[in-house]
Amino acid sequence: MIRTGSSNTKDKTIRWLSLVVLTALCASAAAQERSYTLLERELEYLMEIWPGDYDNREQVQFDFNVGKRSPDQGAHMRVHSQVRRVNLPAFGDYVLYVESFAANNPKNVTQHHLYELEADESAKAIRVRRHRFNDGQQFLGSHNDSGLLDGLTRDNTSTDPACDLLLTRDVDAIAGGTEPGSCDTGGTTGGINAYQVRITEAGFWFQGQAATGEQETNQISSWYQLERVRWFQCMLDFPREDGGRPVNTVSYVRIHDQGGTYPFTYRDGREMVFTFRNTWSYGMQRETLVIVIQEGDESGKTLVYGWGEPGADRIGVNPGWIRLQCDLDTPKTRKFQQWLRPDS
């Protein structure tokens, strides 16, 4: 009986000590938990929704449809913006690489920055510090190859606090910008620039106020409305011989649905272009996903087209002499497309 009592007492002591240790560990873990402020949570949200590709192809089309054919008439230039999250500890935990180009020409770069973001509790806003590259050419294309940024330090960039963006929540958007007239953009005009942005899950908008030479203007440009693009992988098939079925995949094309284009030469030597759009149907008063093949370029004769729902994950056409199959770009669909044409 004495032995049994001693054993029970020992077991109770062990259980008690285990409970004490477990309680201490839980208390330590709780003490180490970090409480996030609302602004920090908003920053996390912004880093989720901002990365991606954006294009204003449809805004340019709307301008054209109502007779705006030049900047003097209020027409917007075509802009494509590429935003990527990158891992650069020297610039903090929240870093974006931004590269934009105009006129559907990747070589016509209009913006090239590194964005350093932080939750600025004193300003009650997300602060976006815009870094310019001292040697811009060296880092162009980093949206496709982030390795180009390896080894980048603050000595490789320059920034002006007056050009910081201050962003806050605006209903379903994160929006804000610089103080008007505060940011000297430099360049050949020495202009003063105010830059405003608005980011949602569906798009990226921006507008600016600028001066030219010594003549400052208070006129602010209307918003550039860039819609988020979706990338598709398309199979372009030709017949193997005249009159045959289009079963020979001559190209696997990665293309986006906001005005992506792919020029090609058909088997008879004719130059053609394949265009992917999310365009507006005036007759049906809704957006429509459209793929078009035209002769020559986008101003040429329409040879064939197909349409579907704007959120569709596949679309295609097959008039008999050519075949296009487009699937939302994923590793799975790329693999399946290769299986369809193992001999191409």
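In what follows, the accompanying structure is described. (Residues numbered from 1 in each chain as written. Predicted model: local features only at pLDDT ≥ 70, side-chain atom pairs only at ≥ 80, totals over all residues. Heavy atoms only, no water.)

Points about the overall build of the protein
Then step 1. Across its full length, the protein carries five helices and 21 strands.
Then step 2. For the protein, the exposed surface amounts to about 19,500 Å²; the carbon and sulfur share of it is 52%. (Helix = DSSP H or I, 4+ residues; strand = E, 2+ residues; numbered from the N terminus. Areas by Shrake-Rupley, 256 points an atom, 1.4 Å probe, with all protein chains shown as cover.)

Structural notes on the environment of Phe-204
Then step 1. In this structure, Phe-204 sits in strand E11 (residues 203-212).
Then step 2. Between the C-alpha atoms of Phe-204 and Ile-174, which are 30 residues apart in sequence, the distance is 9.9 Å.

Considerations on the pattern of salt bridges
Then step 1. Applying the stated criterion across every chain, the model contains 21 salt bridges.
Then step 2. Glu-116 is the partner of Arg-129 in a salt bridge, and the nearest nitrogen-oxygen pair spans 3.5 Å. Pair noted here: Arg-129 is in strand E5 (residues 125-133) and Glu-116 is in strand E4 (residues 109-120), with a separation of 13 residues, a long-range link. The pair Arg-129 / Glu-116 is uniform in exposure class, with both members buried. (Salt bridge = Lys/Arg side-chain N within 4 Å of Asp/Glu carboxyl O. Buried < 20%, exposed > 50% of the residue type's maximum accessible area, 1.4 Å probe, protein only.)

Some details on the side chain of His-143
Then step 1. Its place among the elements puts His-143 in the loop between helix H4 (136-139) and strand E6 (157-158).
Then step 2. Engagement of the side chain of His-143 in a polar contact is seen with the side chain of Gln-82, the distance being 2.9 Å.
Then step 3. Look past the residues within four positions of His-143 in its chain and what remains in contact with it is Gln-82, Arg-84, Tyr-97 and Glu-99. (Polar contact = N/O pair within 3.5 Å; in protein donor to acceptor, adjacent residues only side chain to side chain. Contact = heavy atoms within 4.5 Å.)

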